[in-house]
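Descriptive analysis of the structure
Residues per chain are reported as follows:
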Amino acid sequence: MSRTFLKMNGLGNDFVVIETATQSFEPTPEEIRAIAKRPDSDGKGGGVGCDQVIAIDPPRAEGASAYVRFWNSDGEETGACGNGTRCVAWLLMQSAGKDAVAFDTVAGRLSGVAAGEKRVTVDMGQPGLDWTQIPLAEAMDTARVELQVGPIDAPLVHTPVCVSMGNPHVVFFVDAPVTDEFATKTGSLVEHHPLFSEGVNVGFAHVAARDHIQLKVWERGAGLTAACGTGACAAQVAAVRRGLTDRQARVEFESGSLVIEWRESDGHVIMTGPITMEYAGKLPEPVAA
Ligand SMILES: N[C@H](CCC[C@H](N)C(=O)O)C(=O)O
């Protein structure tokens, strides 16, 4: 029997969401890639098409409503997905008729609360700031990483900040919002730089005001996405570390904004933003190996 899924997005960063209480889902990287492949991306047909695939498994611990797994469209599993976390929190609250929920991921426990019509606030926990938490391949001050891209005497971007939100992020501060082409060219160079032992999500952040960042993210294993929730969290944490923004800021993508607070009291990063339910569908049967 073919498996059902929900197609959702957070500011256009889109997901295929599969609940596994009633259907099994233990995908190979090839199966993830087949699901995530954009239809007609290469004229050879495609799958559903998404940036990430998300599994909502039955809970494994007291107090959690579920255990959640994330995969990038390249087939690799990742530890966090902010926009996806808001979508999962919304689904779990809807099905329980509640306005608060907690669930577990490989990166730890996350909690969400309803924040209005199809809007969710998620506590993303504390950021990882030590080089071993990003992780980096060598000891370094993550607030001023010795890395630059482009000509030595006129680098395109340099001296970024690194932050882990359960997944690795490097944030370059830029004087003006960057184009898709710049983010693609530069981000794809940095994504697999040897300094980042597990790869990295690459953010280009323009601080427009002390409460306003304009951001574009080249995602590890997914490329340029319309928005990136953990990227927005990382950019705000990076900006506060550099003294560029106050503790709460609006992080704006071309597709819309998230509100991110790096809470002074407990160091948790709180993200608020919209979710979109697109449609329900059936997965094609996996090709027999
Ligand atoms: N789109 C996701 C980020 C996925 C991160 C993934 N690209 C990784 O390898 O860490 C978000 O909203 O946070």
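As the structure is a computational prediction, the values presented were derived from the model and not from experiment.

Moving on, we come to the domain arrangement of the protein. Interface size, as often reported, equals the accessible area lost upon joining of the parts. Per the domain assignment, the segments making up the protein are domain 1 (4-125 + 275-282) and domain 2 (148-265). With 22 residues of domain 1 in contact, the opposing surface of domain 2 contributes 17 residues. Counted by class, the side of domain 1 that touches domain 2 contains five nonpolar, 13 polar and four charged residues.

This brings us to the UniProt feature "binding site: substrate" (unreviewed entry) in the protein. This chain's UniProt record puts "binding site: substrate" (unreviewed entry) on Asn13, Gln52, Asn72, Gly82, Asn83, Asn167, Asn201, Glu219, Arg220, Gly229 and Thr230. The topology assignment puts Gly82 in helix α2 (residues 82-96). A tally of 28 C-beta atoms within 10 Å means that Gly82 is categorised as buried. In this structure Gly82 touches Met124, Met165, Cys228, Gly229, Thr230, Ala232, Cys233 and Met271, once residues within four positions along its chain are discounted. Tracing the backbone through its elements, the reader meets Asn167 in the loop between β11 (161-164) and β12 (168-173). In this view, Asn167 contacts Thr78, Gly79, Ala80, Asn201 and Thr230; residues no more than four positions away in its chain are not counted.

So, on to unusual backbone geometry. Excluding glycine, residues mostly have negative phi values, and the peptide bonds linking residues are mostly trans. Look at the link from Ile134 to Pro135: it is a cis peptide, with omega at -5°. For Pro135, the location among the structural elements is in the loop between β8 (119-123) and β9 (148-149). Of note, Lys118 is a non-glycine position whose phi angle comes to about 55°, a positive value. Along the chain, the position of Lys118 falls in the loop between β7 (108-114) and β8.

What counts, and where the lines are drawn
- Residues numbered from 1 in each chain as written.
- Predicted model: local features only at pLDDT ≥ 70, side-chain atom pairs only at ≥ 80, totals over all residues.
- Domains from an automatic or database assignment.
- Contact = placed C-beta atoms within 7 Å.
- Nonpolar A, V, L, I, M, F, W, Y, C, P; charged D, E, K, R; others polar.
- UniProt positions renumbered as here; feature names shortened; annotations may be inferred.
- Helix = DSSP H or I, 4+ residues; strand = E, 2+ residues; numbered from the N terminus.
- Buried ≥ 20, exposed ≤ 12 C-beta atoms within 10 Å, placed from the backbone.

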